[in-house]
Amino acid sequence: EDQVTQSPEALRLQEGESSSLNCSYTVSGLRGLFWYRQDPGKGPEFLFTLYSAGEEKEKERLKATLTKKESFLHITAPKPEDSATYLCAVQAPYGGATNKLIFGTGTLLAVQP
Amino acid sequence: DVKVTQSSRYLVKRTGEKVFLECVQDMDHENMFWYRQDPGLGLRLIYFSYDVKMKEKGDIPEGYSVSREKKERFSLILESASTNQTSMYLCASSFWARPSYEQYFGPGTRLTVT
């Protein structure tokens, strides 16, 4: 069964303390892996798409990497405004004219000043 | 910028009422999706549509129906609302083909059924 597992469930960091969030996946044929940021009471905001192992994407203090079994979201020198829930999702080969995503349950990140 | 809008941010309905949630996107996306999000369960797909008047069931379609009469608009219908449908409802849209499969989400509708 296709599934996505994120760890840790929650992470508390001090401002400037770098760390990584993990997304491990089991899917029969990965077509894409996606990272989203979600603030409380709002819809997820798209961050990155990764398509193949070895690929990396960066945006400000965030860097996403991909291997054949997992993805990491590295946060360098985080600031309080980086506090949010980070969601990972994979696109599986369902076929047809669609692109269903399988989501993990997210990592709640809190960055304290 | 991609814009996905939802008709209401907060909605309170009574058990048994028929509820309409509307979603509009302005990016000419072929695919549109309805999810619900509950604590500890993550995002679960209710229905999706890959073309006008086309729809497919997601993982939890029971108690819901959808309508897509125009490419930019996708409606979720709760035929007879029940308390276990109290949730955050999220609409999303995406292109059908590469280069970008990513889904873009609306702000969400917090539905409370009493």
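Residues numbered from 1 in each chain as written. Chains lettered and ligands numbered in written order. Predicted model: local features only at pLDDT ≥ 70, side-chain atom pairs only at ≥ 80, totals over all residues. Heavy atoms only, no water.

Undergrad: For the sheet that holds strand S7 (residues 64-70) of chain B, give the residues involved together with the corresponding values.
TA: Residue and element names in this part refer to chain B. Taken in spatial order, the 4 strands line up as S1-S3-S8-S7 in an open sheet, and their pairing is antiparallel. The open sheet terminates on both sides in strands that have one partner only, identified here as strand S1 (4-6) and S7. Direction aside, neighbouring strands of the sheet carry axes that sit 20° apart on average. Inspection of the sheet shows strand S3 (residues 19-25) paired to strand S8 (residues 73-78) by 6 bridges, in the antiparallel sense. Its bridge partner lying in S8, Val19 is registered against Leu78. (Pairing = 2+ DSSP bridges. Helix = DSSP H or I, 4+ residues; strand = E, 2+ residues; numbered from the N terminus. Axes fitted to C-alpha atoms, helices over the stretch in contact; angles between N-to-C directions.)

Undergrad: I'd like a rundown of the side chain of B:Gln37, residues and numbers included.
TA: By secondary structure assignment, the location of B:Gln37 is in strand S4 (residues 31-38). For B:Gln37, a relative accessible area of 16% puts it in the buried group. Setting aside residues up to four positions removed in sequence, B:Gln37 forms contacts with A:Gln38, A:Leu87, B:Gly42, B:Leu43, B:Ser87, B:Met88 and B:Leu90. (Buried < 20%, exposed > 50% of the residue type's maximum accessible area, 1.4 Å probe, protein only. Contact = heavy atoms within 4.5 Å.)

Undergrad: Could you give an account of the pattern of salt bridges, with specific residues and numbers?
TA: Residue and element names in this part refer to chain B. Under the defined criterion, the tally for this structure stands at 10 salt bridges over all chains. The partner of Asp28 in a salt bridge is Lys71, with the nearest N and O atoms 3.0 Å apart. Here Lys71 lies in the loop between S7 and S8 and Asp28 lies in the loop between S3 and S4, a separation of 43 residues in the sequence. Look at Lys71 and you get partly exposed, because its relative accessible area is 27%. (Salt bridge = Lys/Arg side-chain N within 4 Å of Asp/Glu carboxyl O.)

Undergrad: Can you lay out the nonpolar core for me, pointing to particular residues and giving the numbers?
TA: Formed by 25 residues in total, the largest nonpolar core has its most connected members in A:Leu33, A:Trp35, A:Leu73 and A:Tyr86. Sorting the residues of this core by element identifies strand S2 (10-14), strand S3 (19-26), strand S4 (32-38), strand S5 (45-50), strand S7 (62-66), strand S8 (70-75), strand S9 (84-91) and strand S11 (107-112) of chain A as the ones contributing at least two each. One finds B:Val4, B:Trp34, B:Ile60 and B:Phe74 within the second-largest nonpolar core, a separate group that totals 20 residues. (Core = buried A, V, L, I, M, F, W, Y, C linked by side-chain atoms within 4.5 Å.)

Undergrad: I'd like to hear about the environment of B:Tyr47, residue by residue, with values.
TA: Residue and element names in this part refer to chain B. Residue position: Tyr47 is located in strand S5 (residues 42-51). Since its relative accessible area comes to 9%, Tyr47 is described here as buried. Separated by 61 residues in the primary sequence, Tyr47 and Gly108 have C-alpha atoms spaced 16 Å apart. Discounting chain neighbours no more than four positions away, the residues touching Tyr47 are Phe33, Trp34, Glu56, Lys57, Gly58, Pro61, Tyr64, Ser65, Val66 and Phe74.

Undergrad: If you had to explain the interface of chain B and chain A to someone new, which residues and values would you point to?
TA: Of the residues lining the interface, 28 residues belong to chain B; the matching set on chain A comes to 21 residues. Carbon and sulfur atoms make up 56% of the surface buried where chain B meets chain A, a total of about 1900 Å² over both sides. In terms of surface lost to chain A, no three residues of chain B exceed B:Tyr101, B:Glu102 and B:Phe105, which account for 28% of the buried area on that side. Where chain B meets chain A, there are 0 salt bridges. In this structure, the connection of chain B to chain A is made through 5 residue pairs in polar contact (both at pLDDT 80 or more). When residues of the side of chain B that touches chain A are assigned to their parent elements, the largest contribution, 5 residues, is made by S5(B). Its residues placed into classes, the side of chain B that touches chain A shows 16 nonpolar, 8 polar and 4 charged. (Buried area = accessible area lost by both parts, 1.4 Å probe. Polar contact = N/O pair within 3.5 Å; in protein donor to acceptor, adjacent residues only side chain to side chain. Nonpolar A, V, L, I, M, F, W, Y, C, P; charged D, E, K, R; others polar.)

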